[in-house]
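Each chain, written out:
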Amino acid sequence: MSTTSVILAAGFGTRMRSKLPKVLHPIGGHPMIWHALQAVKTATGKPPVVVIGHGAEDVREAVGENATFTIQEEQLGTGHALQQAESLLRNKTKYVLVTSADLPLLTSQTFLNLIDEHKKQPGPITLLTAILEDARGFGQVVRGSDGQVQAIVEQAQATPDQLNIRELNVGAYCFDAKWLWDALKRIPISSKGEYYLTDLVGIAVEHGLAVKAQTLSDVSESIGINTRVHLAEAEEALRQRINRDFMLSGVTIVDPKTTYIDAGVSIGQDTTIWPNTLLQGETFIGKECTLGPNTVVRHSKMGAGCRVLASVIEHAVIENNVNIGPFGHLRKGSHLADGVHMGNFGEVKNSHLGPGVKMGHFSYIGDATIGQDVNIGAGTITCNYDGKDKHHTHIEAGAFIGSDTMLVAPIKVGKAARTGAGSVVTKDVPDKTVVAGIPARAIRKLDNSD
Ligand code: UD1
Ligand code: MG
């Protein structure tokens, strides 16, 4: 019965000029609404109610299991949007925390403070305000001569004097549920044909009820997104916040301005990140790694002590002390075990490279299993595709693949076997056997002295 949150996300987002609903535009690697969702969920300890309308099905799919939904069939304004949550919440919660999906920088701590502050107040509304030089289209907070909040006036309706007010409505509120639902019905229709949630302030004051404002100390949290210019500003502010948190937790970021880390990425202590490096999606980096310059790691997991220079890593798992680049590309399903060395211009896809594998120069390894300590000579290619199907290559521990070997899959190279430079291997190679030529033939068996 304590506090339930509502996220308003039904608006059209006209000012974004986009086919994509505004609240799904990505920021920090997640749809915009994800950020509000995480923050209110942490603050209230339970999933929010999300009001959807424009692009409802897409928004519902992006949010998934993390919320309850209510539909606003016609977008008749923020007051009307909140009304759509009444049937789900009436008599079910004591306080209602309301925010918008287009305010992705508000933190769970800010919401917690707002709730705490509201609980101390006798009045039915506590709202979040910010002192800003640029009004950004926000509503102005009008205070009386006694300093008490009197009303919120939207810019389009504000008098010239009111337009000079620097205290602005951020768009997050905590309400007494008992008062809220009936008060919402008293909101008059505006000249634009909308019901403004912000009119609740005037309504409370008219009835002699106190409205309390809590002012944000970090104004960057108030960046609301109505246009793509705002989207870029929010992205930058979020990036600064994420980078700063990592630096304070013991990660060296040589140039934060050119380091782009998505929300939710984790990085171990004493890892160093050089410029122009992007860490995206569900990515986990261990401690004492050196990444970049010019590196992209996306949806991947990396152990400790790895070194990655000017490379692209996607959907891969990398264990400890692995060395990649410059100019390596790990694609989906790559798994590099401890101590793998992958030098210049290597590409690996859907393959497991065992501990200590060396792959120094210009190679493609696709759909392969490579055993421990295999040496892959410069220019080696797994010919995994016959034009119709993909086939597997299996190289067992200790094998030595000569430069420029073509391994025509499906194929198996046995333990400690060797291929000569330039071989085209079309048949399985037994253990401890040297093959060479086109097509490759066995030329000798290795004994223990080799
Ligand atoms: C609103 C506030 C303004 C505040 C600003 C801060 C009102 C009338 N104005 O203006 O005082 O300074 O936010 O961010 O509330 N939405 C719906 N259904 C609708 C209309 C909007 O769900 O019918 C949702 C939108 O998806 C959005 C949020 O409500 O997430 C805010 O709507 P928006 O049109 O962005 O309002 P602002 O003009 O920013
Ligand atoms: Mg807005």
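Predicted model only: the values in this text are computed from it and were never measured. (Residues numbered from 1 in each chain as written. Chains lettered and ligands numbered in written order. Predicted model: local features only at pLDDT ≥ 70, side-chain atom pairs only at ≥ 80, totals over all residues. Heavy atoms only, no water.)

### Some words on the site of ligand 1
- Around ligand 1 there are 24 residues in total, and Q72, G77, T78, E154 and N169 lie nearest to it.
- In the model, an oxygen atom of ligand 1 is placed 2.8 Å from a nitrogen or oxygen of the G11 main chain.
- N169 has a polar backbone atom sitting 2.5 Å from an oxygen atom of ligand 1.
- Protein contact buries 90% of the 750 Å² of open area that ligand 1 shows by itself.
- Those elements that place two or more of their residues in the shell around ligand 1 are β1 (3-9), α3 (78-83) and β10 (167-176). (Near = heavy atom within 4 Å. Polar contact = N/O pair within 3.5 Å; in protein donor to acceptor, adjacent residues only side chain to side chain. Areas by Shrake-Rupley, 256 points an atom, 1.4 Å probe, with all protein chains shown as cover. Helix = DSSP H or I, 4+ residues; strand = E, 2+ residues; numbered from the N terminus.)

### Examining the coordination of the magnesium ion (ligand 2)
- Coordination of the magnesium ion (ligand 2) by the protein comes from D102 (OD) and N226 (OD1), over a distance range of 2.2 to 2.5 Å. One end of the pair, D102, is in the loop between β6 (95-100) and α5 (108-120); the other, N226, is in the loop between β11 (211-215) and α8 (228-248), and 124 residues separate them in sequence. For the pair shown, D102 and N226 are each scored as buried. (Donors = N, O, S within 2.8 Å, 3.2 Å for Na, K, Ca; no water. Buried < 20%, exposed > 50% of the residue type's maximum accessible area, 1.4 Å probe, protein only.)

### A closer look at the domain arrangement of the protein
- According to the domain assignment, the protein consists of domain 1 (3-222) and domain 2 (250-445).
- Relative to domain 2, the C-alpha centre of domain 1 lies at a distance of 50 Å. (Domains from an automatic or database assignment.)

### Side note on helix α6 (residues 177-184)
- Among the 8 residues that make up α6, 6 are buried, leaving the element largely enclosed by the rest of the structure.
- Where the residues of α6 are buried, they touch α3, α4 (86-89), β6, β7 (125-131), β10 and α7 (199-206). (Contact = heavy atoms within 4.5 Å.)

### With respect to the pattern of salt bridges
- Applying the stated criterion across every chain, the model contains 14 salt bridges.
- Ionic pairing is found between D102 and K22, a salt bridge with its closest N-O pair at 2.8 Å. Taken as a pair, D102 in the loop between β6 and α5 and K22 in the loop between β1 and β2 (26-27) lie far apart in primary sequence, 80 residues in all.
- Judged by relative accessible area, which is 15%, D102 ranks as buried.
- Here K22 falls in the buried class, since its relative accessible area comes to 10%.
- Taking the shortest distance from any N to any O, the salt bridge between R60 and E57 comes out at 3.5 Å. (Salt bridge = Lys/Arg side-chain N within 4 Å of Asp/Glu carboxyl O.)

### Points about the packing of α6 against α7
- Put simply, α6 and α7 touch, their axes get as near as 11 Å, and they point 110° apart. Taken together, α6 and α7 sit at an angle that is classed as roughly perpendicular. Contacts between α6 and α7 involve W179, L180, A183 and L184 from the first element and L200, I203 and A204 from the second.
- Across the contact of α6 with α7, the residue classes tally to 7 nonpolar, no polar and no charged. (Axes fitted to C-alpha atoms, helices over the stretch in contact; angles between N-to-C directions. Parallel < 35°, antiparallel > 145°, perpendicular 65-115°, else oblique. Nonpolar A, V, L, I, M, F, W, Y, C, P; charged D, E, K, R; others polar.)

### Here's the deal with the sheet that holds strand β20 (residues 301-302)
- Spatially, 9 strands are ordered β14-β17-β20-β23-β26-β28-β30-β33-β36 in an open sheet, and the strand pairing comes out parallel. Strands with a single pairing partner mark the edges of an open sheet, and in this sheet they are β14 (266-267) and β36 (411-413).
- For strand β17 (residues 284-285) and β20, the ladder comprises 2 bridges, and the chain directions are parallel. Looking across to β20, one finds that I285 is bridged to M302. (Pairing = 2+ DSSP bridges.)

### Observations concerning helix α2 (residues 56-63)
- Along α2, the residues that are buried comprise A56, V59 and V63. Here the buried residues of α2 occupy an arc of 70° about the axis, which is enough to place them on one side.
- Contacts made by the buried residues of α2 are with α1 (32-44), β4 (49-52) and β5 (68-71).
- Within two residues after α2, G64 carries a phi angle of roughly 65°, on the positive side. (Arc of directions from axis to C-beta.)

### Considering the packing of α1 against α5
- It is the contact of α1 with α5, at a shortest axis distance of 8 Å, that shows an interaxial angle of 45°. In terms of orientation, α1 lies oblique with respect to α5. Judged by the twist between their axes, the crossing of α1 over α5 is right-handed. Mapping the contact onto sequence places A39, V40, T42, A43 and T44 in α1 and S108, F111, L112 and I115 in α5.
- Tallied by class, the residues present in the contact of α1 with α5 amount to 6 nonpolar, 3 polar and no charged. (Left-handed = near helix turned anticlockwise from the far one by under 90°.)

### Topic: the side chain of S222
- Looking at the secondary structure, you find S222 in the loop between β11 and α8.
- Excluding residues within four positions of it along the chain, S222 makes contact with L103, A130, L132, F138, V170 and L216.

### A look at the packing of aromatic side chains
- This structure, assessed with the given rule, holds 3 aromatic pairs.
- Residues F327 and F345 carry aromatic rings whose centres are separated by 5.1 Å and whose planes lie at 20° to one another, so their mutual orientation is stacked. On the criterion of sequence distance, the pair formed by F327 in the loop between β24 (323-324) and β25 (329-330) and F345 in strand β27 (residues 341-349) is long-range, its members being 18 residues apart.
- A centroid spacing of 5.3 Å and a plane angle of 5° characterise the contact between F345 and F362, whose relative ring orientation is stacked. Remark: F362 occurs in strand β29 (residues 358-366) and F345 occurs in strand β27; sequence separation between them is 17 residues. (Phe/Tyr/Trp six-rings, centres within 6.5 Å; stacked < 30°, edge-to-face > 60°.)

### Notes on unusual backbone geometry
- Across the junction of G292 and P293, the peptide omega takes the value 5°, indicating a cis bond.
- Relative to the assigned elements, P293 resides in the loop between β18 (290-291) and β19 (295-298).
- The amide bond that connects G325 to the next residue, P326, takes the cis arrangement and shows omega of 5°.
- In this fold, P326 is placed in the loop between β24 and β25.
- Phi is positive for D270, which is not a glycine, with a value near 60°.
- Mapped onto the elements, D270 comes out in the loop between β14 and β15 (272-273).
- Classification of D270 by relative accessible area gives exposed; the value is 51%.
- If you check the backbone angles, N294 has positive phi at about 60° while not being a glycine.
- With respect to the helices and strands, N294 occurs in the loop between β18 and β19.
- According to the relative accessible area criterion, N294 is partly exposed, its value standing at 44%.

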